[in-house]
Amino acid sequence: MFAIVQAGGRQEKVIPGTVVIVDHVDVEPGAAFMFDQVLLVEQADGAVVVGAPFVKGATVTGVVEAQTQGKKIRVTKYKRRKQYRRAQGHRTQQTRVKVTAINA
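This section reports on the structure supplied with the text. Quantities reported herein were computed from a predicted structural model and do not represent experimental measurements.

1. Brief notes about the packing of aromatic side chains
Right, on to step 1. Across all of its chains, the model carries 1 aromatic pair by this definition.
Right, on to step 2. Pairing Phe33 with Phe35 gives two aromatic rings, centres 5.0 Å apart and planes at 90 degrees, and the pair type is edge-to-face.
Right, on to step 3. Note on Phe33: relative accessible area 18%, which makes it buried.
Right, on to step 4. We classify Phe35 as buried; its relative accessible area is 4%.
Right, on to step 5. For Lys13, the ring lying beneath its charged end belongs to Phe2, and the centroid distance is 4.5 Å.
Right, on to step 6. Its guanidinium or amino end placed over the ring of Tyr84, Lys79 lies 5.6 Å from that ring's centre, counting from NZ or CZ.

Okay, structure coming up:
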C-alpha cells in the first residue's frame, strides 16, 4: 500500500514506516502531522484510486521526527574585469516526517 502526496509543491511517494523530508512545517518534533493533499492511493487489494486533483477523504498521517537543515548551497555573483565577487551560503529549513498510516 502506498500513496502519492503533494507537500511543498513537490510530489512524494509515501509508504507506511518510511521517512519523508518536506519543506519546513511549524510543528514540534514528536507531534502528529497529516497530509491532506493526496493525489493517488494504492489500496491493499491492489486497486488504485486517482484523484482529480485530490482523492476525496484520503489522508496520510505521520509523526514529526525532527526539524533539520538541507545541504548548503553557495550563491556567487561575479563581474569580470571589475574585481567584484560576492559569495553567500544558504541552507533550506526542512522537516522530517515518519509516515505511520494511509487512510483511504
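2. With respect to the pairing of strand E5 (residues 38-42)
Right, on to step 1. Summarising burial for E5: 4 of the 5 residues are buried, a large majority.
Right, on to step 2. Relative to E5, strand E1 (residues 2-7) is paired through 4 bridges, and the arrangement is antiparallel. Its bridge partner lying in E5, Ala3 is registered against Val41.
Right, on to step 3. What sits between E5 and strand E6 (residues 48-50) in their antiparallel hairpin is a turn of 5 residues, with Gly46 showing a positive phi close to 95 degrees.

3. Some thoughts on the sheet that holds strand E7 (residues 59-69)
Right, on to step 1. Ordered by their spatial adjacency, 4 strands build an open sheet running E3-E10-E7-E4, and the pairing between neighbours is antiparallel. Each of the sheet's edge strands pairs with one partner strand only, and the pair in question is strand E3 (19-23) and strand E4 (32-35). Each strand of the sheet is rotated relative to its neighbour by a mean of 45 degrees, with strand direction disregarded.

4. Points about unusual backbone geometry
For residues other than glycine, phi is negative in most cases, and the peptide bonds are mostly trans.
Right, on to step 1. A cis amide bond links Ala52 to the next residue, Pro53, at an omega of 0 degrees.
Right, on to step 2. You can see Pro53 is positioned in the loop between E6 and E7.
Right, on to step 3. Phi is positive for Arg81, which is not a glycine, with a value near 60 degrees.
Right, on to step 4. Tracing the backbone shows Arg81 in the loop between strand E8 (73-79) and strand E9 (84-90).
Right, on to step 5. Positive phi values are uncommon outside glycine, yet Gln83 reaches one of about 55 degrees.
Right, on to step 6. Residue position: Gln83 is located in the loop between E8 and E9.
Right, on to step 7. With relative accessibility at 69%, the residue Gln83 sits in the exposed group.

Rules used in this analysis
- Residues numbered from 1 in each chain as written.
- Predicted model: local features only at pLDDT ≥ 70, side-chain atom pairs only at ≥ 80, totals over all residues.
- Heavy atoms only, no water.
- Phe/Tyr/Trp six-rings, centres within 6.5 Å; stacked < 30°, edge-to-face > 60°.
- Buried < 20%, exposed > 50% of the residue type's maximum accessible area, 1.4 Å probe, protein only.
- Lys NZ or Arg CZ within 6 Å of the ring centre and 35° of its normal.
- Helix = DSSP H or I, 4+ residues; strand = E, 2+ residues; numbered from the N terminus.
- Pairing = 2+ DSSP bridges.
- Axes fitted to C-alpha atoms, helices over the stretch in contact; angles between N-to-C directions.

Honestly, that's just the spatial picture; any functional story needs more than this.
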